Amino acid sequence: MISRLLSRFGVNRTSIVRNEQKELNIAPVHHLDRAFKTATFGMGCFWGAESLYGGTRGVLRTTVGYAGGTKDQPTYRNLGDHTEVLEIDYDPTVISYQQLLHIFWNNHEYGLTTVIKRQYMSLILYHDDEQKQIAELSKAKEGKRRTPEVITTEIAPKRNFYPAEDYHQKYRLQGHRDLSETLNLNSKLLRTSYVATKLNGYLVGVGGVEQFKTEVDTMGLTPSQKEYCYHYIEKNEGQGLYC
């Protein structure tokens with residue numbers, strides 16, 4: 001069954017899914033009309049961080065980009081004094097800022113206790129005074145836990161954010177070229193799509209099969225798309241993230 005599904009994407013490309021979308025009146029869900037808040041973190045390479053949070057319950061959208069510096073319109077090849085960061089739109093009724101920080105502290109080491117170049121530094125950019133207070137208390141608690149190591153994470157106000165180039169957005173999902181095509185992703189949706197955000201995490205195993213089952217019906221996937229995703233989630237569940 002799985003081999004046939006994989007060949008559908010590889011040989012027949014998108015025709016079967018397109019037929020399902022038309023016959024079943026199913027369309028990818030790119031936007032959920034929910035109230036949200038935003039968090040911004042630098043955790044080293046932003047590809048892994050985007051997958052990590054994308055597969056987390058309560059996260060609605062993720063966008064990778066550059067922030068924290070002074071250079072106008074930075075690019076990956078001309079970053080200036082900015083840092084690779086991830087912006088996370090989340091539903092605060094499902095997941096709290098404290099919980100997002102718990103994920104932050106426990107899922108990156110690169111730059112957390114060692115000063116490294118600014119591109120990959122550990123960074124929390126707060127959006128309001130409440131986030132600032134929570135982040136500072138969280139850092140102090142983490143510092144005590146890691147004694148005698150010294151946390152090098154910087155906490156600063158979020159003043160700017162420049163989305164990264166399209167090829168960086170939802171990097172793991174874009175590796176599934178034919179699936180991505182059936183999601184109708186364009187430059188804007190690569191940055192803002194709900195279904196793209198979730199699949200960019202789930203396809204590399206974040207969250208796992210059982211959690212995926214609780215969210216899959218919110219994504220607007222056809223039966224063939226679902227089966228394809230289940231295959232890769234089962235295959236990759238429990239593996240580590242990488243860049």
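Residues numbered from 1 in each chain as written. Predicted model: local features only at pLDDT ≥ 70, side-chain atom pairs only at ≥ 80, totals over all residues. Heavy atoms only, no water.

- Going by an unreviewed UniProt entry, the protein chain carries the name peptide-methionine (S)-S-oxide reductase and comes from Glossina fuscipes.
- Quoted verbatim from the Sequence similarities (unreviewed entry) field of UniProt, the annotation for the protein chain is "Belongs to the MsrA Met sulfoxide reductase family." (UniProt positions renumbered as here; feature names shortened; annotations may be inferred.)

### Remarks on the UniProt feature "domain: Peptide methionine sulphoxide reductase MsrA" (unreviewed entry) in the protein chain
Thinking step 1. Here, UniProt's "domain: Peptide methionine sulphoxide reductase MsrA" (unreviewed entry) annotation points to residues 38-174.
Thinking step 2. Between the C-alpha atoms that bound residues 38-174 the distance is 24 Å, and the span itself is 30% helix and 25% strand. (Helix = DSSP H or I, 4+ residues; strand = E, 2+ residues; numbered from the N terminus.)

### Remarks on the packing of helix α9 (residues 194-202) against helix α10 (residues 208-215)
Thinking step 1. Relative orientation of the contacting elements α9 and α10 amounts to 165°, with a least axis distance of 11 Å. One element, α9, and the other, α10, form an angle in the roughly antiparallel class. For the pair α9 and α10, the crossing hand works out as left-handed. Listed contacts from α10 to Tyr194, Lys198, Leu199 and Tyr202 of α9 are Gly208, Gln211, Phe212 and Glu215.
Thinking step 2. Split by residue class, the contact of α9 with α10 holds four nonpolar, two polar and two charged. (Axes fitted to C-alpha atoms, helices over the stretch in contact; angles between N-to-C directions. Parallel < 35°, antiparallel > 145°, perpendicular 65-115°, else oblique. Left-handed = near helix turned anticlockwise from the far one by under 90°. Contact = heavy atoms within 4.5 Å. Nonpolar A, V, L, I, M, F, W, Y, C, P; charged D, E, K, R; others polar.)

### Quick look at the UniProt feature "domain: Selenoprotein methionine sulfoxide reductase A helical" (unreviewed entry) in the protein chain
Thinking step 1. The sites that UniProt annotates as "domain: Selenoprotein methionine sulfoxide reductase A helical" (unreviewed entry) are residues 185-230.
Thinking step 2. Secondary structure within residues 185-230 divides into 67% helix and 0% strand; the distance between the first and last C-alpha atoms comes to 21 Å.

### Overview of the pairing of strand β3 (residues 83-90)
Thinking step 1. Here β3 lies mainly inside the structure; eight of its eight residues are buried.
Thinking step 2. Relative to β3, strand β1 (residues 37-43) runs antiparallel, the two being bridged by five bridges. If you follow Lys37 over to β3, its bridge partner there is Tyr90.
Thinking step 3. Examined bridge by bridge, strand β2 (residues 59-67) and β3 share eight bridges and lie antiparallel to one another. Paired with Val64 across the bridge in β3 is Leu86. (Buried < 20%, exposed > 50% of the residue type's maximum accessible area, 1.4 Å probe, protein only. Pairing = 2+ DSSP bridges.)

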